[in-house]
Amino acid sequence: FAKSAISSAKVAVLGAAGGIGQPLSLLCKLSPYVDTLSCYDVVGTPGVAADLSHCPTKSHTTGSLPDAEAGSWPEGSEGGLKAALTGADVVVIPAGVPRKPGMTRDDLFNTNASIVQTLVEGCAEYCPDAVLAIISNPVNSTVPIAAEVLKAKGVYNPKKVCGVTTLDVCRANTFLAAHMGKDPKDVDVTVIGGHAGITILPLLSQTGATMTDEEREALTVRIQFGGDEVVQAKAGAGSATLSMAYAGYLFTENVLKAQAGEKDIVMPAYVESDITDAEFFASPCRFGPDGVEEVLVFGELSDYEQGWFDKMMPDLKAQIQKGKDFTSA
């Protein structure tokens, strides 16, 4: 949090009272790049915003509920989705229901698809130029849903609709660093594909790390199914919230840095892309003042990674199509 802010910005967190939303909002409150932090959810956000507002940082905090008359923070301020979104530079969307043990991200589809559709309709109306950072699972499908909603409203900009896959990189760096006996900050794994199970492909061959075939397989699968590790450990109490909040904050702050004019902001994102034959794909992206400036190629795959790549593409394409079909139903 050491950097001084270059410009002011408004960040809206939709789902701010939830398991991801609260720690994500706290981290954003601590960021010097955030000038206004707007917390929105169906319950609890005036309280979350009031609590956050006591942290001694420069950002101004507001809390809104869907019903503008149902209360807001500060008391007497305008509530509702319009107030939450108007003027937002980045909208982070962790809203939705979490996974329980035995559920795949796809099992969340119907509930979370409807939530994302409704919220993105609001974004189209009130902050069409904002960068959307979509966390709500299944990301492989919810990002295409967001794109279709914005297209229908005539405000779609592929540079500004992103699925947050940062947690896959956080996990890859953490697990590989442990394997190598290094500090995670000294490790940088490129992770491509999507954000679910086998569609997550860490390119361990590009890291220079030495490992046996068994170690490579174990690390790859652990990165792909790291979310399941947390779901099982929480034993029905939810899914990854704290690590996801951290990843969402990293993504958001990097978008803000790029918007403020900082150069060489490169991070992975799940975006509309033509580097493969999947319409949406996660790979490193260079961010600039207007969002995704350039979708970067991901380099050579090893034979092992090519095997995973060939296996994942049909799944990824099917999940993209499922999102598109939802909006046309």
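Residues numbered from 1 in each chain as written. Predicted model: local features only at pLDDT ≥ 70, side-chain atom pairs only at ≥ 80, totals over all residues. Heavy atoms only, no water.

### Quick look at the environment of Phe251
Right, so step 1: For Phe251, the location among the structural elements is in helix 9 (residues 242-259).
Right, so step 2: Sequence-wise, Phe251 and Leu24 are 227 residues apart; in three dimensions their C-alpha atoms are separated by 11 Å. (Helix = DSSP H or I, 4+ residues; strand = E, 2+ residues; numbered from the N terminus.)

### A short note on the packing of helix 4 (residues 109-126) against helix 5 (residues 139-152)
Right, so step 1: Orientation of helix 4 relative to helix 5, taken along the N-to-C sense of each, is 35 degrees, at an axis distance of 9 Å. Considering the relative orientation of helix 4 and helix 5, their crossing is right-handed. Across the interface between the two elements, Phe109, Ala113, Val116, Gln117, Val120, Glu121 and Ala124 from helix 4 touch Ser141, Thr142, Ile145, Ala146, Val149 and Leu150 from helix 5.
Right, so step 2: The residue inventory of the contact of helix 4 with helix 5, partitioned by class, reads 9 nonpolar, 3 polar and 1 charged. (Axes fitted to C-alpha atoms, helices over the stretch in contact; angles between N-to-C directions. Left-handed = near helix turned anticlockwise from the far one by under 90°. Contact = heavy atoms within 4.5 Å. Nonpolar A, V, L, I, M, F, W, Y, C, P; charged D, E, K, R; others polar.)

### Comments concerning the side chain of Asn112
Right, so step 1: Mapping Asn112 onto the fold places it in helix 4.
Right, so step 2: You can call Asn112 buried: its relative accessible area is 1%.
Right, so step 3: For Asn112, the contacting residues outside a window of four places in its chain are Gly96, Val97 and Asn137. (Buried < 20%, exposed > 50% of the residue type's maximum accessible area, 1.4 Å probe, protein only.)

### Re the pattern of salt bridges
Right, so step 1: On inspection of all chains with the given rule, the structure shows 10 salt bridges.
Right, so step 2: Among the ionic pairs, Asp35 bridges to Lys58, the shortest N-O distance being 3.5 Å. Of this pair, Asp35 sits in the loop between helix 1 (21-30) and strand 2 (36-40) while Lys58 sits in the loop between helix 2 (45-52) and strand 3 (60-64); the two residues are 23 residues apart in sequence, bridging distant segments of the chain.
Right, so step 3: Classification of Asp35 by relative accessible area gives partly exposed; the value is 27%.
Right, so step 4: What you see here is one network of salt bridges that share partners, running through Glu148, Lys151, Glu279 and Lys324. (Salt bridge = Lys/Arg side-chain N within 4 Å of Asp/Glu carboxyl O.)

### Focus: unusual backbone geometry
Right, so step 1: The omega torsion across Trp73 and Pro74 is -5 degrees, close enough to zero to call that bond cis.
Right, so step 2: If you trace the backbone, Pro74 turns up in the loop between strand 3 and helix 3 (80-85).
Right, so step 3: Pro138 follows Asn137 through a cis peptide bond whose omega is -5 degrees.
Right, so step 4: With respect to the helices and strands, Pro138 occurs in the loop between strand 5 (131-134) and helix 5.
Right, so step 5: At Ala235, a position not held by glycine, the phi torsion is positive, near 50 degrees.
Right, so step 6: The residue Ala235 is located in the loop between helix 8 (226-234) and helix 9 in this model.
Right, so step 7: The backbone phi angle of Asp264 is positive, close to 60 degrees, even though this residue is not glycine.
Right, so step 8: Here Asp264 lies in the loop between helix 9 and strand 9 (265-272).

### With respect to helix 7 (residues 213-224)
Right, so step 1: Over its 12 residues, helix 7 runs 16 Å from end to end, which matches the ideal 16 Å to within 8%, given 1.5 Å per residue.
Right, so step 2: Within helix 7, burial applies to Leu219, Thr220, Ile223 and Gln224. Down the axis of helix 7, the buried side of the element spans an arc of 130 degrees, and every buried residue falls inside it.
Right, so step 3: On its buried face, helix 7 sits against helix 6 (166-180), strand 8 (200-202), helix 8 and helix 10 (303-328). (Expected span 1.5 Å × (residues − 1). Arc of directions from axis to C-beta.)

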